[in-house]
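# Topology and contacts: notes
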Amino acid sequence: MEKKIKVGILFGGKSAEHEISLRSAKNVIEALDKNKYEPVLIGIDKNGHWLYNDQTSLILNADNIEKISLNKESENVALIPQSEGQLSGTSQKIDVVFPILHGPMGEDGTIQGLLKLANIPFVGAGVLGSAVGMDKDIMKRLLRDAGLPIGKYVTIRSHQERPIFDSIVKQLGLPCFVKPANLGSSVGINRVDNEEQYNKALDEAFSYDHKVIIEEFVEGREIECAVLGNENPKASIPGEISFTHKFYSYEAKYLDDQGYKIDIPANISDEHIKAVQRIAIDTFQTLECEGFARVDVFLTKDDRLLVNEINTIPGFTQISMYPKLWEASGIAYSDLIDELLQLAHS
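Residues numbered from 1 in each chain as written. Predicted model: local features only at pLDDT ≥ 70, side-chain atom pairs only at ≥ 80, totals over all residues. Heavy atoms only, no water.

## Concerning the sheet that holds strand 9 (residues 190–192)
A sheet is described by the order of its strands in space; here 4 strands give the open sequence 7-10-8-9, paired in antiparallel fashion. Each edge of the sheet is formed by a strand with only one pairing partner; in this case those strands are strand 7 (153–157) and strand 9. Going from strand to strand, the sheet's axes swing by 25° on average, the running direction of each strand aside. Note: strand 8 (residues 176–180) against strand 9, 3 bridges, orientation antiparallel. Residue Phe-177 lies in a different strand from strand 9, and its bridge partner there is Arg-191. (Pairing = 2+ DSSP bridges. Helix = DSSP H or I, 4+ residues; strand = E, 2+ residues; numbered from the N terminus. Axes fitted to C-alpha atoms, helices over the stretch in contact; angles between N-to-C directions.)

Set out below in structure tokens:
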């Protein structure tokens, strides 16, 4: 019998996207081909405590998201590189890691650096691609310098004096959007239509990050495209997200079943499909990504494409956009996981 590949499923984390990570991990663990792979569960609770295998079993048995949380009473396991392919605190060598962590301390290069030190192959972008993909300010600068189209934006840091509302309106117009520079899943994002909302939005965004970006409102359709591969990545059929809320907020994504609508494939022309796929791959390569990512773009009324952002560890539940796009493109969920694990080894 062929020896099974031991896959470290790394999930949870300290970021505000903890619950989203748990949803994704639960689906990946259940879909993993158990004849080929042996999952090794490594969880991180909201306090940063690392838990290993049996300590994380609650995630597999939760019947709703509120119950999916790591056992805070479990003994903390210090996971640091011990020898090639192994982390101290684990009793076995791990062949490859699938990090299903979203936001800071997981999607920003920190975990990727740890795995590099341990010389363990892992799914997704490396240290550089993860770091620049996480920081919306740096990401936009690199895309702009590469000649890729982006919307207008302003960056503010916590130690700087905040721009007055009128100056932001003059630069970006209204409405505009205030976002933490290093976060995802629409956490901490607010639409601004007046000065009171502007001040509240800045306060909330700065509660998550020391750097905040303010973006112009782009009137257009939200198109998303999945990218898969390393040196020669390929792009999926694009999909479109429309929503009933004022914007695609955290509530619209995760708390309101009627908050959004997904169309896969997107109802756009063949010419637009090719253009979206091309700009998605260009974005992926410009930002030094590997493995997988989801690129989100705007299609404006005057037929311009603007890159909104990249997600280097996109949501990975069976109903998440990334796997759904590949399913529509001919790659089933379990096969997609298999291909990602193979890419990590290549």
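Moving on, there is more to tell.
## With respect to the pairing of strand 13 (residues 239–243)
Where strand 11 (residues 220–229) meets strand 13, 3 bridges bridge the pair, whose relative direction is antiparallel. Paired with Glu-222 across the bridge in strand 13 is Ile-241.

## Thoughts on the environment of Phe-316
With respect to the helices and strands, Phe-316 occurs in the loop between strand 16 (305–311) and helix 10 (321–328). Sequence separation between Phe-316 and Ile-20 is 296 residues, and the spatial gap between their C-alpha atoms is 8.9 Å. Contacts of Phe-316, omitting those with residues within four sequence positions, involve Ser-24, Asn-27, Val-28, Phe-98, Phe-292, Tyr-322, Pro-323, Tyr-333, Leu-336, Ile-337 and Leu-340. (Contact = heavy atoms within 4.5 Å.)

## So, the sheet that holds strand 2 (residues 37–44)
Read across the open sheet, the 4 strands follow the order 3-2-1-6; overall the sheet is mixed. One side of each edge strand has no neighbouring strand; the edge strands of this open sheet are strand 3 (50–52) and strand 6 (96–100). Strand-to-strand twist across the sheet, computed as the mean angle between neighbouring axes with direction ignored, equals 25°. Sheet topology places strand 1 (residues 5–12) next to strand 6; 5 bridges connect them, and they run parallel. Along strand 6, the bridge assignment pairs Leu-10 with Pro-99. Sheet strands touched by helix 1 (residues 18–31): strand 1, strand 2 and strand 6. Its angle to strand 1, the strand with the most contacts, is close to 155°.

## Focus: helix 6 (residues 165–172)
Of all the positions in helix 6, only Phe-165, Ile-168 and Leu-172 are classed as buried. End-on, the buried residues of helix 6 take up no more than an arc of 60°, which puts them together on one face. Exposed and facing more than 90 degrees away from the buried side of helix 6 are Asp-166 and Lys-170. Against the buried residues of helix 6 lie strand 7, strand 8, strand 9, helix 7 (195–206) and strand 10 (211–216). One or two steps after helix 6, the chain reaches Gly-173, where phi turns positive at roughly 80°. (Buried < 20%, exposed > 50% of the residue type's maximum accessible area, 1.4 Å probe, protein only. Arc of directions from axis to C-beta.)

## Let's talk about the side chain of Asn-182
Note on placement: Asn-182 falls in the loop between strand 8 and strand 9. When residues no more than four places from it in sequence are discounted, the contact partners of Asn-182 are Pro-104, Met-134, Asp-135 and Asp-209.

Keep in mind these numbers describe shape, not what the thing actually does.
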